[in-house]
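Summary of structural features
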Amino acid sequence: MQLLEERIRRDGKVRDGNILKVDSFLNHQMDVKLFGQMAQEFYRLFHDESVSKVLTIEASGIGMACFVGQAFDCPVIFAKKTKTKNIAGDVYTAMVESFTHGGTYDIIVAKEFLNSSDRVLIIDDFLANGSALSGLSTIIKEAGATSVGAGIAIEKAFQHGGDTLRAQGLRIESLAKIASMENGKINFC
Ligand code: 5GP
């Protein structure tokens, strides 16, 4: 999506450890007009999939996912991050490795919000090694629901999470795919 690539070129900042900061329009301050345009693109890509739920992960996926939910006219669920190992109640859980902070954490979704009749579109801001996406896919499988695929704002293709998950059969549509970010210069695929 050219609009997003231009914005990344203009406002994105490359940090140590292959981190791209997009805090001025995606992850901290949010450009809601851009979110609306991105949601329309996801709608164009997935509109014939009878999406019944949008699933994302807190916190930075939530803003964009809300616009996607509006486009598909369906509820938006965000998986909650938790450090509690003894999770009480009826929840689906999966373990995720944190790309930005290191370590692992569990994500949970209450069983009452996801069931076997759901057709789920995953939405997230970044795809790096694929752990977040893999955790969300696990939760969809646990629920017996159908995953129609994942809509990602920015895929860092040099980190190969996308390759692995596509090879496992997951449809992934990324609006901006970064081939490399060496010496602070961003090259798109
Ligand atoms: P993965 O699980 O695919 O390794 O990483 C995806 C998650 O890590 C995303 O949900 C996002 O929050 C975070 N993330 C990964 N790479 C970046 C990055 O370059 N910049 C920012 N801001 N977040 C990232």
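Please read all numbers here as calculations on a predicted model, not as lab measurements.

How each quantity is defined
Residues numbered from 1 in each chain as written. Predicted model: local features only at pLDDT ≥ 70, side-chain atom pairs only at ≥ 80, totals over all residues. Heavy atoms only, no water. Helix = DSSP H or I, 4+ residues; strand = E, 2+ residues; numbered from the N terminus. Rg over C-alpha atoms; globule rule 2.2 N^0.38 Å. Contact = heavy atoms within 4.5 Å. Near = heavy atom within 4 Å. Polar contact = N/O pair within 3.5 Å; in protein donor to acceptor, adjacent residues only side chain to side chain. Areas by Shrake-Rupley, 256 points an atom, 1.4 Å probe, with all protein chains shown as cover. 1 Å grid on protein atoms, 1.4 Å probe; cavity = no way out; pocket = protein on both sides within 12 Å on 5 of 7 lines; lining within 4 Å. Sits in = over half its atoms within 2 Å of the grid points. Nonpolar A, V, L, I, M, F, W, Y, C, P; charged D, E, K, R; others polar. Salt bridge = Lys/Arg side-chain N within 4 Å of Asp/Glu carboxyl O. Buried < 20%, exposed > 50% of the residue type's maximum accessible area, 1.4 Å probe, protein only. Points joined across faces, edges and corners; volume = space filled by probe spheres on them. Core = buried A, V, L, I, M, F, W, Y, C linked by side-chain atoms within 4.5 Å. Phe/Tyr/Trp six-rings, centres within 6.5 Å; stacked < 30°, edge-to-face > 60°. Lys NZ or Arg CZ within 6 Å of the ring centre and 35° of its normal.

1. Focus: the overall build of the chain
Looking only at helices and strands, the chain features six helices and ten strands. Here the C-alpha radius of gyration of the chain, 16 Å, is about what a compact globule of 189 residues would show, namely 16 Å. Residue pairs in contact within the chain that sit at least 24 positions apart in sequence constitute 61% of those at least 6 positions apart.

2. Focus: the site of the ligand
The full set close to the ligand counts 17 residues, and L20, A128, N129, G130 and K156 are the nearest of them. Contact distances for the ligand include 2.8 Å between an oxygen atom and a backbone N or O atom of N129. Between the ligand and K156 there is a distance of 2.7 Å, counted from an oxygen atom to a side-chain nitrogen or oxygen. Within the complex, 90% of the 510 Å² of free accessible area of the ligand lies under protein. Judged by the fraction of its atoms near the pocket grid, the ligand is located in the largest pocket. If one sorts the elements of the shell around the ligand by residue count, strand β7 (residues 119-127) sits on top with four residues. Per-class residue counts for the shell around the ligand are seven nonpolar, seven polar and three charged.

3. Side note on the pattern of salt bridges
By the definition in use, this model includes ten salt bridges. R7 is paired through a salt bridge with D11; the nearest N and O atoms lie 2.7 Å apart. Of this pair, R7 and D11 both sit in helix α1 (residues 2-11), separated by four residues, roughly a single helical turn. Across the pair, exposure class does not vary: R7 and D11 are buried alike. Of the charged contacts, one joins K53 and D118 as a salt bridge, the two residues approaching to 3.0 Å between their closest N and O atoms. With a gap of 65 residues between them, K53 in strand β3 (residues 53-57) and D118 in the loop between β6 (104-110) and β7 connect regions that are remote in the sequence. Assessed through its relative accessible area of 13%, K53 is described here as buried. If you follow the salt bridges from partner to partner, you end up with R7, R10, D11 and D31 in one network.

4. Concerning the layout of surface pockets
By volume, the largest pocket amounts to about 800 Å³. Secondary structure elements with two or more residues in the lining of the largest pocket: β2 (19-21), α2 (23-27), β5 (91-97), β6, β7, α5 (131-142) and β8 (146-156). No other element matches the four residues that β7 contributes to the lining of the largest pocket. Each residue belonging to the lining of the largest pocket can be placed in one class, and the counts come to 13 nonpolar, ten polar and eight charged.

5. Some points on the nonpolar core
Membership of the largest hydrophobic core comes to 32 residues, with the highest contact counts inside it found for L4, I8, L20, L26, M38 and I154. Mapped by element, the contributors of at least two residues to this core are α1, α2, α3 (32-46), α4 (62-72), β7, β8 and β9 (172-180). Examining the composition of this core, we find that seven residues originate from one element, α3, more than from any other. For L20, the contacting residues outside a window of four places in its chain are I8, G12, K13, V14, F126, I154, I178, M181 and I186. One finds L55, A79, V120 and A132 within the second-largest nonpolar core, a separate group that totals 26 residues.

6. Considering the packing of aromatic side chains
Considering all chains together, one arrives at two aromatic pairs under this definition. Measuring from ring centre to ring centre gives 6.0 Å for F35 and F67, while their planes differ by 80 degrees; the resulting arrangement is edge-to-face. Placement of the pair is F35 in helix α3 and F67 in helix α4, with a sequence separation of 32 residues. Residue F35 is classed as buried on the basis of its relative accessible area, which comes to 1%. Sitting over the ring of F46, R171 keeps its end group 4.2 Å from the ring centre.

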